[in-house]
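So you can see what is in the structure, the chains are spelled out below.
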Amino acid sequence: MRKQRSTTIITNFRWVTFVFILLFLVIQVMPRALGQRGRGVTSKGTSNVEASSNLDGGTWTITGSLNTARYLHTVTLLPNGMVLVAGGLDSNFTALASAELYDPASGTWTAPGSLNTARTSHTATLLPNGMVLVAGGLSTGALASAELYDPATGTWTVTGSLNTARESHTAALLSNGMVLVAGGYDSMTHVLASAELYDPISGSWTPTGNLNTARTVKDATLLSNGKVLVAGGSTNSGILASAELYDPISGNWTLTGSLNNGRSANTATLLPNGMVLVAAGDDITFPSPPIASAELYHPESGTWTFTGSLNTARDLHSATLLTNGMVLVAAGADISGTPTAGAELYNPATGSWSVTGSLNTARELHSATLLANGMVLVAGGFDSNFNVSASAELYESQPSPTPTPTPTATPRVTPRPRPTPHPRPTP
């Protein structure tokens, strides 16, 4: 049941009619939610929030709510410091065309122009020219369309369409300014191995080398050597442990070392030292419960090593690299399948996780963005009552203590020796 929920939430609404969507929700989500209420896991109006173990002093504060509750949306930090949220699914489980802008200065959301096509499970990539490319996704079926957001005008314009309609794919901005899109599901919910490149200059897509293994995977990581890493994910037949590298020069994918623990619905974060941290997610073994393990990818050797495990097993969470080099993992679903409010910090120097302040609202399938001021904005998602949330909050890490300056000792002046008086002659 846990595996079914994690998989169907991520890949839901890929059916061609809204009737199938509603039937699926009634069959899968509602009995589970009611069952949890019967077991006392949640109660109406009460969030399943973990006890706050604020060991490092990190805190969450509520900020302005989205104008539209949503999940499975995209989020992009713009060059002007504002945050763009686009698409997703609303509380009626309908794909959205609306977009919103968060202003960190005022803590409020405003609505710029809407997308030309309502979509969810799409990708959003900030281009070097400051525009945002939104590609593919899901409406009544997988989409091939793509569009560009212009922050200067707040409008969306249609750009070249993908060669293959896809949703739940991954995207990465390459060092040459092109955008790589790979994998995902097609209109028939078949997992794709195909990949393609978007050229911002021509506004067109061209096919590139296929993945060795068809997969749908959340994160693609641009390494410091210019290659792109995808690891784990899932196919129609199960969860993967394999990992691959895309070489922009050759346009080909090559296999690299496999994860020690196959997983999906995990996160992947590029660390300042060039390694990639893969954290938590769904286990490869049936029935694929959330796991707490984490691994590091070493680009030089192409191998994975285990690092410290999280304090709480989770999936459908977010991971954000902070300005101090630590990684914040926030919320997600715990081992019972219930959205959690817990958050943790990974310290690359020690390879360990520490509990930080808990969110005000438990959530999963939310978005997380590192702001220019060093705070992390979390918005939307599913709450612990399985309602789509409009709430947003800000994480502020405990600043490193300023060392107390050691007072400079005032040098002691060595007194000059007083001359020994000559004895006066006796008269």
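Now for a look at the structure at hand. None of the values given here were measured: they were computed from a predicted structure.

### Remarks on the overall build of the protein
Counting its regular elements, the protein contains 2 helices and 32 strands. Here the protein, with 427 residues, has 53% of them falling under the buried criterion. If you sum the accessible surface of the protein, you get close to 18,600 Å²; carbon and sulfur atoms cover 58% of it.

### Section: the pattern of salt bridges
Evaluated as defined, the whole model comprises 7 salt bridges. Note that R215 is salt-bridged to E244, the shortest N-O span being 2.9 Å. Taken together, the residues span a long stretch of sequence, with R215 in the loop between β13 (204–208) and β14 (221–222) and E244 in strand β18 (residues 243–247) at a distance of 29 residues. The residues R215 and E244 share a single accessibility class, namely buried.

### A few points about the pairing of strand β2 (residues 74–77)
Side-chain alternation along β2 places T74 and T76 on a buried face and V75 and L77 on a face that remains uncovered. Bridging between β2 and strand β3 (residues 83–86) involves 4 bridges; their strand directions are antiparallel. Bridge pairing links T76 to L84 in β3. Where β2 folds back on β3, the antiparallel hairpin that results is connected by 5 residues, among which G81 adopts a positive phi of roughly 90°.

### Side note on the sheet that holds strand β31 (residues 376–379)
Strand order in the open sheet formed by 4 strands is β1-β32-β31-β30, with antiparallel pairing between adjacent strands. In this open sheet, the two strands that pair with only one neighbour each are β1 (59–63) and β30 (367–370). Strand-to-strand, the axes of this sheet are offset by a mean angle of 25°, without reference to chain direction. The pairing of β31 with strand β32 (residues 392–396) spans 4 bridges and is classified as antiparallel. The residue bridging V376 from the neighbouring strand is Y395, located in β32.

### Observations concerning the side chain of S293
In this structure, S293 sits in the loop between β23 (282–283) and β24 (294–298). Among residues more than four places away in sequence, those in contact with S293 are N261, R263, V278, A279, A280, F306, S309 and L310.

### Re the side chain of S264
Considering the arrangement of structural elements, one finds S264 in strand β20 (residues 263–264). For S264, the contacting residues outside a window of four places in its chain are G233, S234, I239, G281 and D282.

### What to know about the environment of G337
Positionally, G337 belongs in the loop between β27 (327–330) and β28 (343–347). G337 sits in the buried class, given a relative accessible area of 0%. Residues G337 and S384, 47 residues apart in the sequence, show an inter-C-alpha distance of 9.6 Å.

### Things to note about unusual backbone geometry
Excluding glycine, a negative phi dihedral is what most residues carry, and trans is how most peptide bonds are arranged. Note the cis peptide between F286 and P287, where omega equals 5°. Within the secondary structure layout, P287 lies in the loop between β23 and β24. Phi at L365 is positive, roughly 55°, even though this residue is not glycine. Note on placement: L365 falls in the loop between β29 (352–356) and β30. Judged by relative accessible area, L365 falls into the buried class, the value being 11%.

Basis of the calculations
- Residues numbered from 1 in each chain as written.
- Predicted model: local features only at pLDDT ≥ 70, side-chain atom pairs only at ≥ 80, totals over all residues.
- Heavy atoms only, no water.
- Helix = DSSP H or I, 4+ residues; strand = E, 2+ residues; numbered from the N terminus.
- Buried < 20%, exposed > 50% of the residue type's maximum accessible area, 1.4 Å probe, protein only.
- Areas by Shrake-Rupley, 256 points an atom, 1.4 Å probe, with all protein chains shown as cover.
- Salt bridge = Lys/Arg side-chain N within 4 Å of Asp/Glu carboxyl O.
- Pairing = 2+ DSSP bridges.
- Axes fitted to C-alpha atoms, helices over the stretch in contact; angles between N-to-C directions.
- Contact = heavy atoms within 4.5 Å.

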